[in-house]
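Close look at the chain arrangement
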Amino acid sequence: MLRFAAKIFGIVAAFFVASVCVARQTSPTVDSQSATAVMALDAPRWYFITLNAVPAGWMKVQSKIISQGFRTETETHLRMAREKQIIGMNTSSWIEEDSEGRPLRAGQTQTG
């Protein structure tokens, strides 16, 4: 059971790191507020999660402009079977960065 909990923690940590990397790669600076840049920030990006080629959940990443720069929010839903029991987990994380991409604040919640 301890190894399983460690694997779950590893998955959650990987998604949090992935959300930060996605934010840094896809979010334009606040200075370039063209219609295209604003549309790219407002549109959610959806990802399907599979484990061993079996659908296990989804992840949604969305960025938006805030007064200090931009905020990227990530929501993840996982469901997997462990022997005969189904385990579900939901995580939400966010990071706020200034217009130069320097992190200001971040947070994460987990249920399940």
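Scroll up to find the structure this text is about.
Let us now look at the sheet that holds strand β3 (residues 69–82). The strand order across the open sheet built from 5 strands is β1-β2-β3-β4-β5, with neighbouring strands paired in antiparallel fashion. Whereas interior strands pair on both sides, the edge strands pair on one side only; in this sheet they are β1 (45–51) and β5 (103–111). Shown here is a sheet whose adjacent strand axes are inclined to one another by a mean of 15°, direction ignored. Sheet topology places β1 next to strand β2 (residues 54–66); 7 bridges connect them, and they run antiparallel. Counted as the bridge partner of T50 is P55 from β2.

What follows is about the pairing of β5. Across 8 bridges, the pairing between strand β4 (residues 85–98) and β5 is antiparallel. Counted as the bridge partner of S92 is T109 from β5. Hairpin remark: β4 followed by β5, antiparallel, with 4 residues in the connecting loop; positive phi at G101, about 90°.

This brings us to the packing of aromatic side chains. For the coordinates displayed, the defined rule picks out 1 aromatic pair. Judged by centre distance (5.1 Å) and plane angle (55°), the ring pair of W46 and W58 falls under tilted. Highlighted residues: W46 in strand β1 and W58 in strand β2, separated in sequence by 12 residues. Judged by its relative accessible area of 27%, W58 falls in the partly exposed class.

Calculation rules
- Residues numbered from 1 in each chain as written.
- Predicted model: local features only at pLDDT ≥ 70, side-chain atom pairs only at ≥ 80, totals over all residues.
- Heavy atoms only, no water.
- Pairing = 2+ DSSP bridges.
- Helix = DSSP H or I, 4+ residues; strand = E, 2+ residues; numbered from the N terminus.
- Axes fitted to C-alpha atoms, helices over the stretch in contact; angles between N-to-C directions.
- Phe/Tyr/Trp six-rings, centres within 6.5 Å; stacked < 30°, edge-to-face > 60°.
- Buried < 20%, exposed > 50% of the residue type's maximum accessible area, 1.4 Å probe, protein only.

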